[in-house]
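Coordinate analysis (summary)
The primary structure of each chain is shown beneath.
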Amino acid sequence: MEFEGKKVLITGAASGIGRATAIRFAAAGAQVTIGDINAAGLEETAGMMASTPKVVPYDACDFDSCRALVDAAATDGLDVLCNISGMIKWGPSLDFAVEDFERILKVNTTSVFVLCQAALPHLVKSKGNIVNTASTAALQGLAYTIAYSASKHAVAAITKGLAIEFAAKGVRVNAICPGHVDTPLAATPPPTGGDVDWSLVMRNAPKLENGSCEPLDIAEMFAYLASERARKVTGSLFTIDGGQLAG
Ligand SMILES: NC(=O)c1ccc[n+]([C@@H]2O[C@H](COP(=O)([O-])OP(=O)(O)OC[C@H]3O[C@@H](n4cnc5c(N)ncnc54)[C@H](O)[C@@H]3O)[C@@H](O)[C@H]2O)c1
């Protein structure tokens, strides 16, 4: 099996893309550690996996708990880090609370850096790799979604910068940029009462018929980028969006 014996840490694994990715890696023989703030969701995911994972609840806003998650995953070394935890809140910019802006950056961006920082010494030893989750929001401006979009642009920057810094040490770092994926996050409604022009929201609809992605579509890309098949791929942002950004 492709990931037999490989030690893989997957965050955001209580739901959506992270859950599908945990299931995908376990089915390919990996020894998986799953992390998320939602402990009950993690247990549900564990019950869906082909092998028993290490289950480690953590809070992305608490950087010591991010480091403890990596320590727990890497007791016997670490080959792959999949950073998938994330949150969104959106709404008209004039009404957007700065506290929400800061929390989104903490969860989506700073914690990703802290997890990479903690994992990299292990990945240098194993010549492993990191796959981050950016978004099509990392590649374009999005009305009403400024904090999320800023946080994902920053994930793209972290990915490319670390790829350069660690290439000579044999560590690859890539990111996936999903468009619309059918998960609870994508169903987050705007706050009520704000003035939202829906024509600005809908301009980035997928072009393919049934163009929204399923979590498994994204999990397949995680599996590809983390595998030897992608051994020449680093510093890349992989879009999977049903043609959303095609024009
Ligand atoms: N669904 C989409 O359309 C879409 C598109 C592009 C990118 N993404 C990204 O994909 C990733 C996964 O999202 P999803 O769509 O599967 O959503 P989801 O809501 O199903 O999963 C997100 C997970 O992150 C966890 N999480 C949130 N805050 C956390 C915190 N403080 N500490 C630890 N865990 C926390 C949640 O508990 C949840 O299990 C996110 O980074 C998201 O930004 C999603």
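Preceding this section is the structure that the text describes.
These remarks concern the structure in this document. (Residues numbered from 1 in each chain as written. Predicted model: local features only at pLDDT ≥ 70, side-chain atom pairs only at ≥ 80, totals over all residues.)

**As for the site of the ligand**
Test applied: Using the backbone to place each C-beta atom, any residue with that atom within 6 Å of a molecule or strand is considered near it. In this text, helices come from DSSP runs of H or I with a minimum length of four residues, and strands from runs of E with a minimum of two, each type numbered from the N-terminal end. In this count, Pro and Cys sit with the nonpolar residues alongside Ala, Val, Leu, Ile, Met, Phe, Trp and Tyr, while Asp, Glu, Lys and Arg are called charged and the others, Gly among them, polar.
Taken together, 28 residues form the shell around the ligand, and within it Ser15, Gly16, Gly86, Thr183 and Leu185 come nearest. No other element matches the three residues that helix H1 (residues 16–27) contributes to the shell around the ligand. Among the residues forming the shell around the ligand, the class breakdown is 14 nonpolar, 12 polar and two charged.

**Focus on helix H7 (residues 215–226)**
In plain terms, the rule: Each residue after the first adds 1.5 Å to the expected span of a helix. Three exposure classes are used, all based on how many other C-beta atoms lie within 10 Å of a residue's own C-beta (placed from the backbone): buried at 20 or more, exposed at 12 or fewer, and partly exposed between those limits. Note that contacts rest on C-beta atoms placed from the backbone: two residues are in contact if these are within 7 Å.
With 12 residues, H7 extends 17 Å from end C-alpha to end C-alpha; this agrees with the ideal 16 Å at 1.5 Å per step. Those residues of H7 that fall on the buried side of the exposure criterion are Pro215, Ile218, Ala219, Met221, Phe222, Ala223, Leu225 and Ala226. For H7, the secondary structure elements touched by its buried residues are H1, strand S4 (80–83), strand S5 (129–133), strand S6 (172–178) and strand S7 (237–240).

**Side note on the sheet that holds S4**
Convention followed: Strands were regarded as paired on the criterion that DSSP finds at least two bridges between them. For helices, the fitted axis covers only the stretch in contact; all axes are lines through C-alpha atoms, and the angles between them, taken along N-to-C directions, range from 0 to 180 degrees.
The seven strands are arranged S3-S2-S1-S4-S5-S6-S7 in an open sheet whose pairing can be described as parallel. In this open sheet, the two strands that pair with only one neighbour each are strand S3 (54–57) and S7. Each adjacent strand pair in this sheet contributes to an overall mean axis angle of 15 degrees, direction not counted. Seen against the sheet, helix H4 (residues 98–126) touches strand S1 (7–11), S4 and S5 and runs at an angle of roughly 170 degrees to S4.

**Remarks on the nonpolar core**
Here is the rule we go by: Defined on buried residues, the nonpolar core groups Ala, Val, Leu, Ile, Met, Phe, Trp, Tyr and Cys residues joined through C-beta atoms within 7 Å.
Counting 69 residues, the largest nonpolar core has Ile10, Leu81, Ala119 and Phe222 as its most contacted members. At 10 residues, the largest contribution of residues to this core is made by H4.

**What about the pairing of S5?**
Our working rule: A crossover counts as right-handed when, viewed with the strands pointing away from the observer, the path leading from the first strand over the helix to the second turns clockwise.
Where burial is concerned, most of S5 is hidden: five out of the five residues are buried. Alternating residues of S5 divide into Asn129, Val131 and Thr133 and Ile130 and Asn132, and every residue in both groups is buried. A crossover links S4 with its parallel partner S5, the connecting element being H4, and its sense is right-handed. Across five bridges, S5 lies against S6 in parallel orientation. Residue pairing for S6: valine 131 is matched across the bridge by asparagine 174. The parallel pair S5 and S6, bridged by helix H5 (residues 146–167), forms a crossover whose chirality is right-handed.

**Things to note about unusual backbone geometry**
With a phi angle near 55 degrees, lysine 127 is a residue other than glycine that sits in the positive phi range. Within the secondary structure, lysine 127 sits in the loop between H4 and S5. Phi at tyrosine 144 is positive, roughly 70 degrees, even though this residue is not glycine. Considering the arrangement of structural elements, one finds tyrosine 144 in the loop between S5 and H5.

**Re the environment of phenylalanine 3**
Inspection of the secondary structure assignment puts phenylalanine 3 in the segment before S1. Expressed as a C-alpha distance, the spacing of phenylalanine 3 and arginine 229, which sit 226 residues apart in the sequence, is 12 Å. For phenylalanine 3, the residues in contact, after removing those within four places along its chain, are Val8, Phe25, Ala28, Gly29 and Ala30.

**Looking at the packing of H1 against H7**
Here is the rule we go by: Oblique is the label for any angle not covered by the other classes, which are roughly parallel (under 35 degrees), roughly antiparallel (over 145) and roughly perpendicular (65 to 115). Should the near helix be turned anticlockwise from the far one by less than a right angle, the crossing is termed left-handed; should it be turned clockwise, right-handed.
For the pair H1 and H7, the least separation of the axes is 8 Å and the interaxial angle reads 55 degrees. Taken together, the axis directions place H1 and H7 in an arrangement best described as oblique. Considering only the axes of H1 and H7, their crossing is right-handed. Seen from H1, the contacting residues are Gly16, Ile17, Arg19, Ala20, Thr21, Arg24 and Phe25; seen from H7, they are Pro215, Leu216, Ile218, Ala219, Glu220, Phe222 and Ala223. In terms of residue class, the contact of H1 with H7 is made up of nine nonpolar, two polar and three charged.

**Considerations on the environment of serine 236**
Examined against the element boundaries, serine 236 turns out to sit in the loop between H7 and S7. Overall, serine 236 belongs to the partly exposed group, with 17 C-beta atoms counted inside 10 Å. Each C-alpha atom, one on serine 236 and one on alanine 156, is 8.7 Å from the other, the two residues being 80 residues apart in sequence.

The quantities given are spatial measurements derived from coordinates; they are silent on function.
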